[in-house]
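Results of the structural survey
Each chain is listed here by its residues.
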Amino acid sequence: SAMPVDNMQMHNYFIAELRKMAPYVANADLALFPVDPHQEHFIALGATQFCSETHPKALVPMHCWQQFDLANAIGSQIEALGTRFIPLHPGLTFCL
């Protein structure tokens, strides 16, 4: 379905800012990216565009309001872009 006009304006702003920062974060080892279930059928849009522009080696979704299934559902789209997707589950911790 079509994106509402106000969302399209924010989308265009996001793309412009993403392209400004892409050279500085390109090919990062790990990206943590917000995946907001409130975005409904656009839930993967920001993360896929981020991966397309910056090519991180791995991506972990964040800020998904404990809706792990919805956040994890974008995994195949992320991996199709050549980025490893690290799925979320209750109790997941990271040591960096």
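Here's what I pulled together on the structure shown here. (Residues numbered from 1 in each chain as written. Predicted model: local features only at pLDDT ≥ 70, side-chain atom pairs only at ≥ 80, totals over all residues. Heavy atoms only, no water.)

A positive phi is found at Asn 27, a non-glycine position, where the angle reads about 60°. With respect to the helices and strands, the residue Asn 27 is situated in the loop between helix H1 (5–25) and strand E1 (31–34). Backbone geometry places His 63, a non-glycine residue, at a positive phi of 55°. Its place among the elements puts His 63 in the loop between strand E2 (58–62) and helix H3 (68–72). Classification of His 63 by relative accessible area gives exposed; the value is 55%. (Helix = DSSP H or I, 4+ residues; strand = E, 2+ residues; numbered from the N terminus. Buried < 20%, exposed > 50% of the residue type's maximum accessible area, 1.4 Å probe, protein only.)

All right, on to the packing of H1 against helix H2 (residues 45–54) then. With their axes 9 Å apart at the nearest point, H1 and H2 run at an angle of 35° to one another. Every pair of crossing elements has a handedness; the one defined by H1 and H2 is right-handed. For the pair H1 and H2, contact is made by His 11, Phe 14, Ile 15, Leu 18, Arg 19, Met 21, Ala 22 and Val 25 and by Leu 45, Gly 46, Gln 49, Phe 50, Glu 53 and Thr 54, respectively. The residue inventory of the contact of H1 with H2, partitioned by class, reads 8 nonpolar, 4 polar and 2 charged. (Axes fitted to C-alpha atoms, helices over the stretch in contact; angles between N-to-C directions. Left-handed = near helix turned anticlockwise from the far one by under 90°. Contact = heavy atoms within 4.5 Å. Nonpolar A, V, L, I, M, F, W, Y, C, P; charged D, E, K, R; others polar.)

It is worth spelling out the sheet that holds E2 at this point. Each strand in a sheet pairs with its neighbour through backbone hydrogen bonds, running either in the same direction (parallel) or in the opposite one (antiparallel). Taken together, the 3 strands give an open sheet; going across it, the order is E1-E2-E3, and neighbouring strands pair in parallel fashion. Of all the strands in the sheet, the pair left with one neighbour each is E1 and strand E3 (84–85). Direction of pairing for E1 relative to E2: parallel, over a ladder of 4 bridges. Each bridged residue has a counterpart across the sheet, and for Phe 33 the counterpart in E2 is Pro 61. Docked against the sheet, H2 engages E1 and E2, running at close to 150° with respect to E1. (Pairing = 2+ DSSP bridges.)

So, on to the side chain of Thr 48. Take Thr 48: it is sitting in helix H2. Setting aside residues up to four positions removed in sequence, Thr 48 forms contacts with Gln 77, Ile 78 and Leu 81.

Here the focus is the packing of aromatic side chains. Per the stated rule, a full pass over the model turns up 2 aromatic pairs. For the ring pair Phe 14 and Phe 33, a centre distance of 6.4 Å and an interplane angle of 75° mean the geometry is edge-to-face. A residue pair is termed long-range when its members are at least 10 positions apart, and Phe 14 in helix H1 and Phe 33 in strand E1 qualify at 19 residues. Judged by relative accessible area, which is 26%, Phe 14 ranks as partly exposed. With a centroid separation of 5.1 Å and an interplanar angle of 40°, the aromatic rings of Phe 33 and Phe 50 are classed as tilted. One end of the pair, Phe 33, is in strand E1; the other, Phe 50, is in helix H2, and 17 residues separate them in sequence. We note that Phe 33, like Phe 50, is buried. Ring pairs connect the aromatic residues Phe 14, Phe 33 and Phe 50, which therefore count as one cluster. (Phe/Tyr/Trp six-rings, centres within 6.5 Å; stacked < 30°, edge-to-face > 60°.)

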